[in-house]
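Listed here are the chains, written in short residue letters.
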Amino acid sequence: MITLLVAVPLAFAFATVAFPKLNKYVFPLVTLFNLTLLIGYVHPTQVVEVGKWPALYGIVLLLDNVNYPFLILVNLILLAVSISATFQDKLGTLLIVLTAALNGLLLTGDFFNAFVFLEIISAVAYILSAQNKNSYAAFKYLIFGAIAGTLYLIGAVSMYVYAGTLNMGYAGFIASHEYLEIAGILMLIALLIELKVLPLGLWAPDVYSNGSTLTPVILGSAITLTMFYFYARLFFNIIGPVNTNLVYVLAIVSLIFAQLAAMKQRTLGRTLSYLAIAGASTVMAAFSAGAMGDEKLISAALLYLFNDIIAVFVLFIIFGYLNGKGFKDNTVAGIAFSLVSISLIGFPLTAGFWAKINLLTALFEAGDYILPAVLLAAAVIQAGYLIKWNVDLWYVDNDSETEEIYLPFGAQLVVLLFALALVVIGFMPDLIKAYTDKIASHIFDFKTYFDTILKGGM
Amino acid sequence: MIYYIAFILIGVGLYGIVSQKNLFKQLVSLTIIDTAVNIFIVSLGYLDGAEAPIYSYVTPVANFVDPLPQALVLTAIVIGVGILALASMLLIHINEEHGSVDVEEIRAAKEVIE
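What counts as what
- Residues numbered from 1 in each chain as written.
- Chains lettered and ligands numbered in written order.
- Predicted model: local features only at pLDDT ≥ 70, side-chain atom pairs only at ≥ 80, totals over all residues.
- Heavy atoms only, no water.
- Axes fitted to C-alpha atoms, helices over the stretch in contact; angles between N-to-C directions.
- Helix = DSSP H or I, 4+ residues; strand = E, 2+ residues; numbered from the N terminus.
- Parallel < 35°, antiparallel > 145°, perpendicular 65-115°, else oblique.
- Left-handed = near helix turned anticlockwise from the far one by under 90°.
- Contact = heavy atoms within 4.5 Å.
- Nonpolar A, V, L, I, M, F, W, Y, C, P; charged D, E, K, R; others polar.
- Buried area = accessible area lost by both parts, 1.4 Å probe.
- Salt bridge = Lys/Arg side-chain N within 4 Å of Asp/Glu carboxyl O.
- Polar contact = N/O pair within 3.5 Å; in protein donor to acceptor, adjacent residues only side chain to side chain.
- Buried < 20%, exposed > 50% of the residue type's maximum accessible area, 1.4 Å probe, protein only.
- Pairing = 2+ DSSP bridges.
- 1 Å grid on protein atoms, 1.4 Å probe; cavity = no way out; pocket = protein on both sides within 12 Å on 5 of 7 lines; lining within 4 Å.
- Points joined across faces, edges and corners; volume = space filled by probe spheres on them.
- Expected span 1.5 Å × (residues − 1).
- Core = buried A, V, L, I, M, F, W, Y, C linked by side-chain atoms within 4.5 Å.
- pLDDT = per-residue confidence, 0-100.

**A word on the packing of helix 10 (residues 214–238) of chain A against helix 12 (residues 268–289) of chain A**
Residues and elements named next belong to chain A. It is at 12 Å that the axes of helix 10 and helix 12 come closest, and there the two elements cross at 15°. Relative to helix 12, helix 10 is oriented roughly parallel. Helix-helix and strand crossings are classified by hand; for helix 10 and helix 12 the assignment is right-handed. Between helix 10 and helix 12, the residues in contact are F228, Y231, A232 and F236 and A280, V283, M284, F287 and S288, respectively. Residues of the contact of helix 10 with helix 12, tallied by class, amount to eight nonpolar, one polar and no charged.

Right, here's the structure in full:
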């Protein structure tokens, strides 16, 4: 059944090549089908050996307690995109292919299969980045992404050399940690590029701020979330921690630089781009701090990640449509923007508050005082520029001769629902925390993962 | 020996990407890296004196090179060609938007617009 999560979007993507006008109906239906399948028909734990080849030789798809919540959130975001975004017909097929690739990367248990899905995701991301006459930024992203892909490929092949298999579970079981670490370093650099941790993420500001409405929404939410899952799967579950101190320092430097850069920006697009980089860097720093098996810290980092992804999604949708235009004619967009800003600042009784307080508590308990100090300083800077932008956008002069722009109804609905979700989570944080705790308790458990693979399709 | 060739080519490609101001030359450098990686992967499965991995009457004993890296390289080549085509399309668009594919000239053109 779980193969349908990849097969159905892929089949419809091919089918709609000849009928691009159908995409606006097919894309929501495909994402809705995926969500229905995930919520109603498939549950962890399931393994599919593709073509009935034993896992050691073939490709396996695996659904467990770690990737299940990620799959639901990614498909929910894609459904929201399909409702909210008035994308061009030609992009619809791409988005359906992206749905298949994201689900594939979330499900796969094979290093090379993951490389193929990574490259499909990258190719879609390059095309989305090039929209709105942004080809130069897209080309820069392509160069960074292609080097990332190459490094990942060398890492995956090295894994085959050390373990004699491309299956993640078997490779983790067979190869010694020193060998896994060498391949892991290459994969780590590749993922740091994709996760836009500075300086490896220097491609991101131009791509996020100048592309089409869809570009930052897709790249900053669904793709980032999937990459973080893949990072966690590789470096907590399969390979084990690699160069955590270096990544920790890099992520903290990236966080500080991104927040300072966000404060300095004069356009909303670039501010939000650096805000997204700062969010990803915070999660990466927290992941590195908890990489040695601190479940509480990883759960807190995941809560922060989910909150950040939803917030970034809402902010980029509003920016994409209104492009810095004020909220006087777009009250719903304004309310959603302000609610999300309040949550990001960490105002009590919002999801952002619980994300921050949980992370700080877990860090203090782990004896880490550097990241909390940086986080608190970054929160003050973030509060400063978010309040400034809220004031600017609510009180911007709308009497100018600029063309009136309104958020489409679908987009209004989605941003309001997502913003309200952050408030609801603020009152009932256990709604999300139950899932993050579950992920954190399973992500370090290699034995269960390997046993599941061993059982195969049985 | 063939590993060294692959690593030297990767070095040449990386140098090209970092040092060249012309985006087309950067793209060529990227394809050099791609090719180098493919050579590296194929070389991993090579066994001295072994046959091509095809069962036939001239190879009754399966003294084969490892076929898996070859299969991986085939996929990697296809993906590489796709990315190369995409990058070429982007270069054409860059040339149409900025009138050049040189980084400094693009920056100068952008400053004029701003």
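**Focus on the interface of chain B and chain A**
With 33 residues of chain B at the contact, the number on the chain A side is 25 residues. Both sides together, the interface formed by chain B and chain A hides about 2,500 Å², and carbon and sulfur atoms give 84% of it. Along the contact surface separating chain B from chain A lie zero salt bridges. Between the two partners, chain B and chain A, sit two residue pairs in polar contact (both at pLDDT 80 or more). Every element with two or more residues in the side of chain B that touches chain A is listed here: helix 1 (2–19), helix 2 (23–44), helix 3 (67–98) and helix 4 (103–113) of chain B. Counting residues per element, the side of chain B that touches chain A draws most heavily on helix 3 of chain B, which supplies 15 residues. Residues that form the side of chain B that touches chain A fall into these classes: 24 nonpolar, four polar and five charged.

**Overview of the pairing of strand 2 (residues 60–63) of chain A**
All names here are of chain A. Side chains of strand 2 alternate between two faces, with V60 and L62 and L61 and L63 buried alike. Across four bridges, strand 1 (residues 46–49) lies against strand 2 in antiparallel orientation. Opposite E49, over in strand 2, you have V60 as the bridge partner.

**Quick look at empty space enclosed by the protein**
Residues and elements named next belong to chain A. Under the criterion given, the structure shown has four cavities of 30 Å³ or more. Here the largest cavity defines a volume of roughly 70 Å³. Looking at the largest cavity, the residues that line it are F115, L118, E119, S122, G145, A148, G149, Y152, A190, L191 and E194. Those elements that provide at least two residues to the lining of the largest cavity are helix 5 (111–129), helix 6 (135–163) and helix 8 (177–194). Counting residues per element, the ones that place at least two in the lining of the second largest cavity are helix 10, helix 12 and helix 13 (295–322). Within the lining of the second largest cavity, the residues separate by chemical class into six nonpolar, three polar and two charged.

**Looking at the layout of surface pockets**
Put simply, the largest pocket is a space of about 1,400 Å³. Taken together, 43 residues form the lining of the largest pocket, with Y136, A137, K140 and D206 of chain A together with K110 of chain B sitting closest to its centre. Per-element tally for the lining of the largest pocket: the top contributor is helix 6 of chain A, with eight residues. Each residue belonging to the lining of the largest pocket can be placed in one class, and the counts come to 18 nonpolar, 16 polar and nine charged. Approximately 600 Å³ is the volume found for the second largest pocket.

**Details of the packing of helix 12 of chain A against helix 16 (residues 370–394) of chain A**
All names here are of chain A. Put simply, helix 12 and helix 16 touch, their axes get as near as 12 Å, and they point 160° apart. As summarised for this structure, helix 12 and helix 16 are arranged roughly antiparallel, according to the angle between their axes. Two packed elements cross with a definite hand, and for helix 12 against helix 16 that hand is left-handed. Within the contact between the two elements, helix 12 uses L268, T271, L275, T282, A285 and A286 and helix 16 uses L371, L375, Q382, Y385, L386, W389 and L393.

**A closer look at helix 14 (residues 331–345) of chain A**
Residue and element names in this part refer to chain A. Between its first and last C-alpha, helix 14 extends 21 Å over 15 residues, near the 21 Å set by a 1.5 Å rise per residue. Listed as buried for helix 14 are A333, G334, A336, F337, S338, V340, S341, S343 and L344. Contacts made by the buried residues of helix 14 are with helix 12, helix 13, helix 15 (351–365), helix 16 and helix 17 (409–427). At the exit of helix 14 stands G346, carrying a positive phi of roughly 100°.

**Some remarks on the environment of V74 of chain A**
All names here are of chain A. As for its position among the elements, V74 is in helix 3 (residues 67–84). Note on V74: relative accessible area 0%, which makes it buried. Spatially, the C-alpha atoms of V74 and I309 are 10.0 Å apart, while their sequence positions differ by 235 residues. Excluding residues within four positions of it along the chain, V74 makes contact with L102, L106, A222, L225 and T226.

**As for the nonpolar core**
Residue and element names in this part refer to chain A. With 212 residues, the main nonpolar core has F111, Y152, F230, Y231, L234, F287 and F313 as its most contacted residues. Tallying contributions element by element places helix 13 first for this core, with 22 residues. Apart from the residues lying within four places of it in its own chain, the contact partners of F287 are F228, Y231, A232, F236, I298, A301 and L302.

**Section: the confidence of the model for chain B**
Low-confidence regions, as indicated by low pLDDT, have predicted coordinates that should not be scrutinised in detail. Residues and elements named next belong to chain B. Per-residue confidence for chain B averages 87 on the pLDDT scale, and 96% of its residues sit at or above 70. Per-element mean pLDDT across chain B ranges from 80 in helix 4 up to 92 in helix 2. In the model output, the complex is listed with pTM 0.93 alongside ipTM 0.91.

**Considering the pattern of salt bridges**
Going through the model one piece at a time under the given rule, you end up with eight salt bridges over all chains. Residue K296 of chain A pairs with E365 of chain A through a salt bridge whose shortest N-O separation is 2.9 Å. Of the two residues, K296 of chain A is situated in helix 13 and E365 of chain A in helix 15; the sequence distance between them amounts to 69 residues. Given the relative accessible area of 43%, K296 of chain A is considered partly exposed. Classification of E365 of chain A by relative accessible area gives exposed; the value is 54%. The shortest N-O distance in the salt bridge between E104 of chain B and K21 of chain B comes to 3.7 Å. One end of the pair, E104 of chain B, is in helix 4; the other, K21 of chain B, is in the loop between helix 1 and helix 2, with 83 residues separating them in the sequence. On the basis of relative accessible area, K21 of chain B is assigned to the partly exposed category, the value being 44%. The network of salt bridges with shared partners includes K140, D206 and R270 of chain A.

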